[in-house]
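Inside the fold
Each chain, written out:
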Amino acid sequence: MFGQGNLNKTIDASNQHQISFRHDNDFLVFSDRYYSSGLFLSYSMLLKNGLFKSGKEQVTFTLLQQIYTPSKLNTSNRVEMDRPYAGYLAINTEWSYVKDNYAFESILTFGLVGEGSGAGSFHRWYHNALEVPSPPTWAYELANKLHANFYTSYIYEWQLAPNNFSVYLAVKPTLALGTKDLYAQPEVMAHFGRRQPMNSSMAYNRIGSLEKEVFFTMRAGYRIIAHNALLEGHLFGDNSVFLATPKKGFFYGGFDIKHRFKNNDYWLGYRFNSAETEQTKAHKYVILSYARNF
């Protein structure tokens, strides 16, 4: 029952690239507020000659748009709004390196918050197309501001049981520095099921293997916040009409179900977090993702 199977297979030289599409949405869990929607289009590739010339480095480029709204969408009265409308359009460059049972991940992002992100126009079109009642007003949207941010994480995991039903436990501290986010975030994860080694597993969005994976992940963490520009504006000053004050931190958690079958990666996720300000409430949303390896 607990044989290693094909876990020790090396990286597949013919499977060095991936294109993925991801959609986050709270409407699927009967909510429509706060982090309301996210669209991500990504391209990943393994590096043959990276910083360490190890063949275990990977880069990912992502174009993304995210939508944040107050809980009361149809009001233009600032008093009735528990957070400002905010749209974010960005390009992310992610680098990751895995060795044995630990990994480093870094993301550099450049983006635009404000009307120029197109999030408000897309959100209004989406509601009109689906004939959703209470169309969003996007009143008092955050002003246009350019942002740069850097995120870095360290991951360490322990394998507690081998395949065919493996169990892994991992810790993942993350640090965010920049004009959009300033925070520290400790996180714990537990993976259960048929999974590949860390350097080629969907658990860490890694490519390089077409070996079958079917597993689920439980995760929980706490974000310690110094600045959140999507609530309180740009770090170096903001002329937005309406800003909010975040709490010093919030809890979050969720689960993922991931399946790799031949060249296809499927991901269903669920996330929830406690209130981010004194005026807002807890929130939840769903992640849907499909990726093609080649």
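Quick caveat, the model's predicted, so the values are computed rather than measured.

**Considering the overall build of the chain**
A count of helical and extended segments in the chain gives 2 helices and 14 strands. C-alpha extents for the chain along the principal axes are approximately 60 × 40 × 30 Å. Here the contacts in the chain between residues at least 6 apart in sequence split such that 66% fall between residues at least 24 apart. By element, 62% of the accessible surface of the chain is carried by carbon and sulfur atoms, the whole surface being about 13900 Å². Of the side chains in the chain, 29 bear a positive and 24 a negative charge, and the two mean positions are spaced by 5 Å.

**Quick word on helix α1 (residues 119-129)**
In an α-helix there are 3.6 residues to a turn, and that puts residues three or four apart on one side. For α1, the complete set of buried residues consists of Ala 119, Gly 120, His 123 and His 127. For α1, the angular spread of the buried residues around the axis is 100 degrees, confining them to a single face. Of the residues in α1, the exposed ones pointing more than 90 degrees away from the buried face are Trp 125 and Asn 128. Buried residues in α1 make contact with β2 (34-47), β3 (57-69) and β4 (86-99). Taken from the residues just after α1, Glu 131 is the one with a positive phi, measuring 55 degrees.

**Some remarks on the pairing of β3**
Note on strand geometry: in a regular strand, side chains alternate between the two faces of the sheet. For β3, the buried fraction is high: 11 of the 13 residues fall into the buried class. Bridge count between β2 and β3: 13 bridges; the pairing is antiparallel. Each bridged residue has a counterpart across the sheet, and for Tyr 35 the counterpart in β3 is Tyr 68. Pairing of β3 with β4 involves 12 bridges; the strand directions are antiparallel. Opposite Ile 67, over in β4, you have Gly 87 as the bridge partner.

**Some remarks on the packing of aromatic side chains**
Enumeration according to the criterion identifies 16 aromatic pairs in this entry. Between Tyr 156 and Trp 158, the ring centres sit 5.0 Å apart and the planes meet at 65 degrees, which makes this aromatic pair edge-to-face. Classification of Tyr 156 by relative accessible area gives partly exposed; the value is 26%. Here a set of aromatic residues connected by ring pairs shows up, and it is made of Tyr 35, Tyr 68 and Tyr 285. Arg 195 extends its terminal NZ or CZ atom over the ring of Tyr 168, reaching a point 3.7 Å from the ring centre.

**Some points on empty space enclosed by the protein**
Taken as a whole, this structure holds 3 cavities of 30 Å³ or more when the rule is applied. Estimates place the volume of the second largest cavity at around 70 Å³. Around the second largest cavity, the lining residues are Tyr 34, Arg 83, Leu 231, Asn 273, Ser 274, Ala 275, Glu 276, Thr 277, Thr 280, Lys 281 and His 283. For the lining of the second largest cavity, a count of residues per class yields 3 nonpolar, 5 polar and 3 charged.

**Observations concerning the pattern of salt bridges**
Tallying each qualifying case throughout the model produces 10 salt bridges. Residue Glu 213 pairs with Arg 260 through a salt bridge whose shortest N-O separation is 3.9 Å. In this pair, Glu 213 sits in strand β11 (residues 213-228) while Arg 260 sits in strand β12 (residues 249-261), placing the two residues 47 residues apart along the sequence. Across the pair, exposure class does not vary: Glu 213 and Arg 260 are buried alike.

Definitions and limits used
- Residues numbered from 1 in each chain as written.
- Predicted model: local features only at pLDDT ≥ 70, side-chain atom pairs only at ≥ 80, totals over all residues.
- Heavy atoms only, no water.
- Helix = DSSP H or I, 4+ residues; strand = E, 2+ residues; numbered from the N terminus.
- Contact = heavy atoms within 4.5 Å.
- Areas by Shrake-Rupley, 256 points an atom, 1.4 Å probe, with all protein chains shown as cover.
- Lys, Arg positive; Asp, Glu negative; His and termini not counted.
- Charge placed at Lys NZ, Arg CZ, Asp CG, Glu CD.
- Buried < 20%, exposed > 50% of the residue type's maximum accessible area, 1.4 Å probe, protein only.
- Arc of directions from axis to C-beta.
- Pairing = 2+ DSSP bridges.
- Phe/Tyr/Trp six-rings, centres within 6.5 Å; stacked < 30°, edge-to-face > 60°.
- Lys NZ or Arg CZ within 6 Å of the ring centre and 35° of its normal.
- 1 Å grid on protein atoms, 1.4 Å probe; cavity = no way out; pocket = protein on both sides within 12 Å on 5 of 7 lines; lining within 4 Å.
- Points joined across faces, edges and corners; volume = space filled by probe spheres on them.
- Nonpolar A, V, L, I, M, F, W, Y, C, P; charged D, E, K, R; others polar.
- Salt bridge = Lys/Arg side-chain N within 4 Å of Asp/Glu carboxyl O.

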